[in-house]
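The primary structure of each chain is shown beneath.
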Amino acid sequence: MNAFPFCLCFKERGHDAHPSPLPALSLTQVGALESHSSRFNNLQGHGLLDNHGGSMFPKLSPLGSPQPFLPLLAPSPLAPFTNTSIPKLSGLCTLNFTAAENLLSVTAIDCWEVFAPFLANVICCPQLEATLTILIGQSSKYTNVLALNGTVAKHCLSDMEQILMGQGGTGDLKRLCSIHSSNLTESSCPIKNVNDFNDIVDTSKLLTACEKIDPVKECCYQICHNAILEAATTIASKGSDILGIDTSHVLPEHSNRVNDCRNIVLRWVASKLDPSQAKKVLRGLSNCNVNKVCPLVLAEPKQVAKGCGNGISNKTACCNAMESYVSHLQKQSFITNLQALDCAETLAMKLKRANITEDVYSLCHISLKDFSLQG
């Protein structure tokens, strides 16, 4: 499916090309990228960015793929004004929460109880995962281990939840983000000792690729991502023959082991950077993944097909059905504009399969903002 958001590092491409995904960008960020300024001006000149009333109308039809589109960054939630409370900690967690006060404060804001259910996949969970990775990575400087044991992991995850709740964060993080205490251990990865890691991995190559990343170029060229995957595959191969397996024949257990080892690699990278820089790197990597897919559940557009299919005889009935459909999407989650673009294209394909031949997006004035709660 040609549904990935369009990348700023444009290449000569045909209609069915598969461009790489990008994190959402603000116009000020793009303006700072001199090499892309002319392309941005060109997009404006062709009307791909509609400035009327702040709305954005994609050149998108159920009959074809959208044209390259430069999205705006969805607004970040405001810092909540909440009273903090003193958390009741177990006293059995070995992580140094005190040294990461600023990081925890940001995480509490990003996972604020009111917004967390809507911001889970875009902001809260990526920030929570980055925070846990950094805490374990920084801890490894003193423990020489890049994972927690099962018992300590349970205490640390519980303590983390108590700290965030004390600062206004949601108490439902484990469910919202599918985080379990096992995520803080080495799981199936055979390497967790720092010395063993250094002996097996080309750490100089890994650190060079990941100590500082460009959030735009990383999603296009995946320099750090590929270095992490290479290191994870290397340590996952210890005691197995993963390196000798054709990628098309990798078994699920091998894939799971590489993924578990990827967490070990991320913690090692976080241990070599200061927490603020580590956060930038980890969030940059997660943004690339977040913007790859549409996170909304797109039901079959049966009512839209009735009102708009086989030629539109009643525009009002058609647009009412379309507006009712997208209004249900808005109740699901906040999403980035790149995700909205992917959702718009995915829905366009569904509409085409439902024999809707008219451009109902233009007909009913459906824009990217209509795909999300913040619209």
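See the structure printed just above.
Residues numbered from 1 in each chain as written. Predicted model: local features only at pLDDT ≥ 70, side-chain atom pairs only at ≥ 80, totals over all residues. Heavy atoms only, no water.

Q: What exactly am I supposed to notice about the overall build of the chain here?
A: The number of helices and strands found in the chain is 16 helices and zero strands. In the chain, which comprises 375 residues, the share counted as buried stands at 47%. Here the chain has roughly 18,600 Å² of accessible surface; of this, 52% comes from carbon and sulfur atoms. (Helix = DSSP H or I, 4+ residues; strand = E, 2+ residues; numbered from the N terminus. Buried < 20%, exposed > 50% of the residue type's maximum accessible area, 1.4 Å probe, protein only. Areas by Shrake-Rupley, 256 points an atom, 1.4 Å probe, with all protein chains shown as cover.)

Q: Sorry if this is basic, but what is going on with the pattern of salt bridges here?
A: A side chain with one charge can pair with a side chain of the opposite charge if their charged atoms come near. Applying the stated criterion across every chain yields a total of six salt bridges. For E230, the salt bridge goes to K205, with nearest N and O atoms at 2.9 Å. With E230 in helix α10 (residues 223–236) and K205 in helix α8 (residues 203–210), this residue pair connects regions lying 25 residues apart in the sequence. On the basis of relative accessible area, E230 is assigned to the partly exposed category, the value being 41%. (Salt bridge = Lys/Arg side-chain N within 4 Å of Asp/Glu carboxyl O.)

Q: Please explain the nonpolar core as it appears in this structure.
A: Counting residues in hydrophobic clusters, the biggest one holds 62 residues, and the most contacted among them are F197, L206 and I235. With ten residues, helix α4 (residues 116–143) is the single largest residue contributor to this core. Leaving out residues up to four positions away in the same chain, I235 has contacts with C189, P190, I191, F197, I200, V201, C261, I264 and V265. Core analysis: the second largest hydrophobic core is formed by 27 residues, C318, M322, C343 and F371 among them. (Core = buried A, V, L, I, M, F, W, Y, C linked by side-chain atoms within 4.5 Å. Contact = heavy atoms within 4.5 Å.)

Q: Would you take a moment to explain the environment of L103 for this structure?
A: Structurally, L103 is set in helix α3 (residues 101–110). Residues L103 and A130, 27 residues apart in the sequence, show an inter-C-alpha distance of 9.4 Å. Not counting residues up to four positions away in its chain, the partners in contact with L103 are Q127, T131, I134 and K279.

Q: Hey, could you run me through helix α5 (residues 150–166) in this one?
A: An α-helix turns once per 3.6 residues; consequently, residues spaced three or four apart project the same way. Across its 17 residues, α5 extends 25 Å between first and last C-alpha, which sits within 8% of the 24 Å expected from 1.5 Å per residue. Within α5, burial applies to V152, A153, C156, L157, D159, M160, E161, I163, L164 and G166. Turning to α5, the residues buried within the fold contact α3, α4 and α6 (173–176). Of the residues one or two after α5, G168 is the one with positive phi, at around 100°. (Expected span 1.5 Å × (residues − 1).)

Q: Looking at this model, I keep getting lost on the environment of L89. Mind explaining?
A: As for its position among the elements, L89 is in the loop between α2 (34–45) and α3. The class for L89 is partly exposed, based on a relative accessible area of 42%. Residues L89 and S158, 69 residues apart in the sequence, show an inter-C-alpha distance of 8.0 Å. Setting aside its immediate chain neighbours within four residues, L89 contacts D159, Q162 and I163.

Q: Got a minute to help me understand the packing of aromatic side chains in this structure?
A: Each aromatic ring pair is characterised by the separation of its centres together with the angle its planes make. Taken as a whole and assessed by the stated rule, the structure comprises three aromatic pairs. With a centroid separation of 6.2 Å and 90° between ring planes, the pair formed by Y361 and F371 is classed as edge-to-face. On the criterion of sequence distance, the pair formed by Y361 in helix α16 (residues 360–363) and F371 in the segment after α16 is long-range, its members being ten residues apart. Comparing Y361 with F371 shows no difference in burial state: the two are buried. (Phe/Tyr/Trp six-rings, centres within 6.5 Å; stacked < 30°, edge-to-face > 60°.)

Q: Is there a simple way to explain unusual backbone geometry in this structure?
A: Its identity is not glycine, yet N144 carries a phi of approximately 65°, on the positive side. Checked against the element boundaries, N144 lands in the loop between α4 and α5. Assessed through its relative accessible area of 27%, N144 is described here as partly exposed. Unusually for a residue other than glycine, S178 sits at a positive phi of about 50°. Mapped onto the elements, S178 comes out in the loop between α6 and α7 (194–200).

Q: Got a minute to help me understand α10 in this structure?
A: Relative to the 20 Å expected for 14 residues at 1.5 Å per residue, α10 spans 20 Å between its end C-alpha atoms, a close match to the ideal helical length. Taken together, the buried positions of α10 are occupied by C224, A227, I228, A231, A232, T233, I235 and A236.

Q: Can you help me understand the state of the cysteines in this one?
A: In the structure shown here, the tally under the stated rule is nine disulfides. Paired through a disulfide, C125 and C177 show a sulfur-sulfur distance of 2.1 Å. Taking the torsion about the S-S bond as the criterion, the C125 to C177 disulfide, at about -85°, is left-handed. In this pair, C125 is assigned in helix α4 and C177 in the loop between α6 and α7, connecting sequence segments 52 residues apart. Summarising the burial analysis for this pair, C125 and C177 share the class buried. Between the sulfur of C294 and that of C343 lies a disulfide, 1.9 Å long from S to S. Disulfide C294-C343: torsion about the S-S bond near 95°, hence right-handed. Here C294 is found in the loop between α12 (275–290) and α13 (302–308), whereas its partner C343 is found in helix α15 (residues 337–353), with 49 residues between them in sequence. The pair formed by C294 and C343 is uniform in burial state, with each residue classed as buried. (Disulfide = S-S within 2.5 Å.)

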